[in-house]
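Secondary and tertiary structure notes
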Amino acid sequence: MSTLRHMPTPADTSADTGARASSHNFAALPAEAWLNRFAQLSQDTQARLGVPLGTALLGEPLPTPRWVATSDGLARELGWPADWRNDDALQVFSGNAVWPGMAPMATVYSGHQFGQWAGQLGDGRALLLGEVDAPQGPQELQLKGAGMTPYSRRADGRAVLRSSIREFLCSEAMHALGIPTTRALALTASPEAVRRETLETAAVVTRVAPSFIRFGHFEHFAHSGRPRHHEALAALLDFVIAHHFPQLRGQPQPALALLDAVVQRTAELMAAWQSVGFCHGVMNTDNMSILGLTIDYGPFGFLDAFDPDHICNHSDDRGRYSWNNQPQIGYWNLRALAQALLPLVPDAQDDPKALTEVLQTYEQRFPQAMNARWRAKLGLQAERAEDVELAIDYLRLLAAGRVDFTIAFRRLGGFVSEGSPEALASDARNAPLRDLFLDRAAFDAWALRYAQRLQAEGSTDAERAQRMGRVNPLYVLRNHLAETAIRRAQQGDDSEVQRLHRLLQNPFDAQAGCEADADFPPSWAQSIEVSCSS
Ligand code: AMP
Ligand code: MG
């Protein structure tokens, strides 16, 4: 591995990370391709204010890494050559080496966890490798599980294979569902032992996003009370607007403008999650992206048998982050962001009215985004006041019968609405949907309303089925699918991870031989518990 600079031990990480002269065999990516604007900002605030935004350091080496899976589609989007996945890259994406031009660092943030101020957190096991220029705009590459950082607190800086497989697969699955998310480029694994409840092994996910800045980055500099931290906060705001919200440049009230944009993105993200039955599990403010991306996949889950109060995180005893609570928690988190922006709005300390007004637009924006999603899931094109009730009543039926969320919406696409009202219930083509419900009479009554609503907008079943097939997925990353892949990978067989990765790239299209992946979860799935342990 002579072509790469290997990571020194953490003790001698004071080296200037920009001055690596070693050659490398990744010719398509010159050192100049690495822009590292966040690292630059951190250096600037250090020089100007004595307040860095993190710490430059290298990963802790992991022995004998192997590739578990890679997203070659994402590498293509980055403009990388087909042979990017070489031995050097394996070292880089397991935290053992860096390419020239990278400027690795761990960033500092704070946050509210389970509704309580948790103080300083930071990248305890994430390492921002650098920011690379790409056709779709600059992208940051970040390792998760690359070892201890100054923000590791009492933990080990590692991520286990189990949770890394889940993060890798779900990031790419969410992207394919059209939901804003951080991406996953690579998953590598090592035999290195990591202690959790039992002894497990280490893995590293390489995540990709335009930025990994969280609400918690703003909260950190707003609440620290240390000198010049509000100036660092202002610099962070300017940076985020300049690089990630160019449409807001030159706004007279930049903090209000940013809050406005983030309220909109968060409202849309919450609606997107709800619409596919995604439960994040740990919606702490440090796990909220300023870009409105899904970030930090931990004990997430997709709804199976529909229960609006479903709690996917075994550590969440009170259900703060249940599926039904997510939109409200999104709002709560935005309030924490608004509070963090207070020092940047003139006179807001005395009169926060302007910030509050922007914040409160969530109360219209979320329902608007959510209703548009439900309407699309029902295949409706026109907008009518009664549609919300129709959608809510379908969800009520699902809840009453604990009907599988994904299957119920998918089969609704095949609902035959044309013909006489009496024929709907007896039409054999409607049986796969109707049979999901124990209370057939209740379903029939709802189905009649639905059919009438469809007729009122002149909907044709064939076209509607097509439309609904593009919003109601056939395949989602159910816990038992991930679990099967995890168990095999823990035995050294990564093929199921790779198969699921491929499958979930086309979640809306039936794939031959994958019928079981779209089916109800097996009974053993109920015994799977996912918690914050990762
Ligand atoms: P999470 O609940 O995964 O969002 O993590 C909350 C905080 O704990 C973040 O600051 C993480 O970086 C940190 N953290 C979680 N797990 C570890 C670990 N194994 N080692 C170091 N820091 C960790
Ligand atoms: Mg986190």
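The structure under discussion appears in the preceding block.
These lines cover the structure that appears in this document, whether it is placed above or below. Given the structure is predicted, the values throughout are model-derived calculations rather than measurements.

1. What to know about the packing of aromatic side chains
Counted by the stated rule, this structure contains 27 aromatic pairs. Ring geometry for tryptophan 273 and phenylalanine 278: centres 5.3 Å apart, planes at 65 degrees, overall edge-to-face. The same class applies to tryptophan 273 and to phenylalanine 278, which are both buried. With 6.0 Å between their ring centres and 20 degrees between their planes, tryptophan 374 and phenylalanine 409 make a pair best called stacked. Of this pair, tryptophan 374 sits in helix 10 (residues 362-377) while phenylalanine 409 sits in helix 12 (residues 405-412), placing them 35 residues apart in sequence. Under the relative-accessibility criterion, tryptophan 374 is labelled buried at 7%. Among the aromatic side chains, those forming a connected cluster through ring pairs are Phe306, Trp323, Trp374, Tyr394, Phe405, Phe409, Phe415, Phe437, Phe443, Trp446 and Tyr450. Directly above the aromatic system of tryptophan 332 lies the positively charged group of arginine 320, at a separation of 4.7 Å from the ring centroid. When the ring centre of phenylalanine 409 is taken as reference, the NZ or CZ atom of lysine 377 above it lies at 4.5 Å.

2. Side note on helix 7 (residues 254-276)
Structurally, the α-helix is built with 3.6 residues per turn, so residues lying three or four positions apart point the same way. In this model helix 7 runs 33 Å from its N-terminal to its C-terminal C-alpha over 23 residues, within 8% of the 33 Å that 1.5 Å per residue would give. The buried fraction of helix 7 is high, at 18 of 23 residues. Immediately beyond the C-terminal end of helix 7, within one or two residues, lies glycine 277, with a positive phi of roughly 70 degrees.

3. Observations regarding the site of ligand 1
For ligand 1, the set of nearby residues contains 17 residues, the closest of which are Gly122, Gly124, Arg153, Asp156 and Gly157. Separating a nitrogen atom of ligand 1 from a backbone N or O atom of glycine 157 is a distance of 2.7 Å. Per-class residue counts for the shell around ligand 1 are 3 nonpolar, 6 polar and 8 charged. Of the residues that make up the shell around ligand 1, three or more belong to each of domain 1 (10-216) and domain 2 (244-372).

4. Concerning the pattern of salt bridges
Scanning the model with the defined rule gives 31 salt bridges in all. Across the pair arginine 453 and aspartate 387 runs a salt bridge, and its minimum N-O distance is 2.6 Å. Note that arginine 453 is positioned in helix 15 (residues 440-456) and aspartate 387 in helix 11 (residues 387-401), a separation of 66 residues in sequence. This pair shows no difference in class: arginine 453 is buried, exactly as aspartate 387 is. A single salt-bridge network, built from bridges that share partners, covers Lys144, Glu167, Arg207, Arg214 and Asp296.

Conventions we followed
Numbers given to residues run from 1 along each chain, matching the order in which its sequence is written. Labels follow written order: the first chain is A, the first ligand is 1, and so on. Selection of residues for local features in this predicted model requires a pLDDT of at least 70, selection of side-chain atom pairs for listing and counting requires 80 or more, and totals for whole chains, interfaces and linings are taken over all residues. The side-chain figures draw on all heavy atoms in the structure; neither hydrogens nor water molecules are used. The pairing test for Phe, Tyr and Trp rings, Trp by its six-membered ring, is centres within 6.5 Å, and the orientation test on the planes gives stacked under 30 degrees, edge-to-face over 60, and tilted for anything in between. Each residue is placed in one exposure class: buried if its accessible area under a 1.4 Å probe, protein chains only, is under 20% of its type's maximum, exposed if it is over 50%, and partly exposed if it falls in between. Only DSSP runs of H or I covering at least 4 residues are called helices, and only runs of E covering at least 2 are called strands; the numbering of each starts at the N terminus. Look at NZ for Lys and CZ for Arg. If either is within 6 Å of the ring centre and within 35 degrees of the ring normal, a charge sits over the ring. For a helix, the expected span equals 1.5 Å multiplied by the number of residues minus one. Throughout this document, a residue counts as near a molecule or strand when at least one of its heavy atoms sits within 4 Å of that molecule or strand. In the analysis that follows, any N or O atom pair within 3.5 Å is treated as a polar contact, provided that within protein one partner can donate a hydrogen and the other can accept it, and provided that, for residues neighboring in sequence, both atoms belong to side chains. Classification used: nonpolar for Ala, Val, Leu, Ile, Met, Phe, Trp, Tyr, Cys and Pro, charged for Asp, Glu, Lys and Arg, polar for all others including Gly. Throughout, the edges of the domains are those of an automatic or database domain assignment. Should a side-chain nitrogen of Lys or Arg be within 4 Å of a carboxyl oxygen of Asp or Glu, the pair is scored as a salt bridge.

Everything listed here is a matter of coordinates, which is why it stays silent on function.
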